[in-house]
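Residue-level listing of the chains:
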Amino acid sequence: MRQYLVTFHKVVPDDSGHDHRILQHQVIVPARSEVTAACAAQALFCEAAGIVDWRLRADTCLVAQLSEATV
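Residues numbered from 1 in each chain as written. Predicted model: local features only at pLDDT ≥ 70, side-chain atom pairs only at ≥ 80, totals over all residues. Heavy atoms only, no water.

J.: Teacher, can you tell me more about the overall build of the protein chain here?
T.: For the protein chain, the count of helices and strands is one helix and three strands. Of the regular secondary structure in the protein chain, the N- to C-terminal order runs β-β-α-β. Here the C-alpha coordinates of the protein chain stretch approximately 45 × 30 × 15 Å along the principal axes. Classification of the 71 residues of the protein chain by burial places 25% in the buried group. Intrachain contacts of the protein chain at a sequence separation of at least 6 include 53% that bridge at least 24 residues. When the accessible surface of the protein chain is split by element, carbon and sulfur atoms take 54% of a total near 4,800 Å². Averaging the locations of the 6 positively and 8 negatively charged side chains of the protein chain gives two centres separated by 8 Å. (Helix = DSSP H or I, 4+ residues; strand = E, 2+ residues; numbered from the N terminus. Buried < 20%, exposed > 50% of the residue type's maximum accessible area, 1.4 Å probe, protein only. Contact = heavy atoms within 4.5 Å. Areas by Shrake-Rupley, 256 points an atom, 1.4 Å probe, with all protein chains shown as cover. Lys, Arg positive; Asp, Glu negative; His and termini not counted. Charge placed at Lys NZ, Arg CZ, Asp CG, Glu CD.)

What follows is the structure, given as structure tokens:
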């Protein structure tokens, strides 16, 4: 089974009007595909944050497969 790094970011403005991407949550999940990894990570994020939808706390969900050497 492959390992995927899934990160959730939210874009927030600062006092000078510039936008910044803030890391909200990051998790490594074993899965057979990127889609499965995203679903599993979204469920874990919601459970950890006590929310029903990950989009309440993040704007993006990015999935990256980890190389075999990293695992």
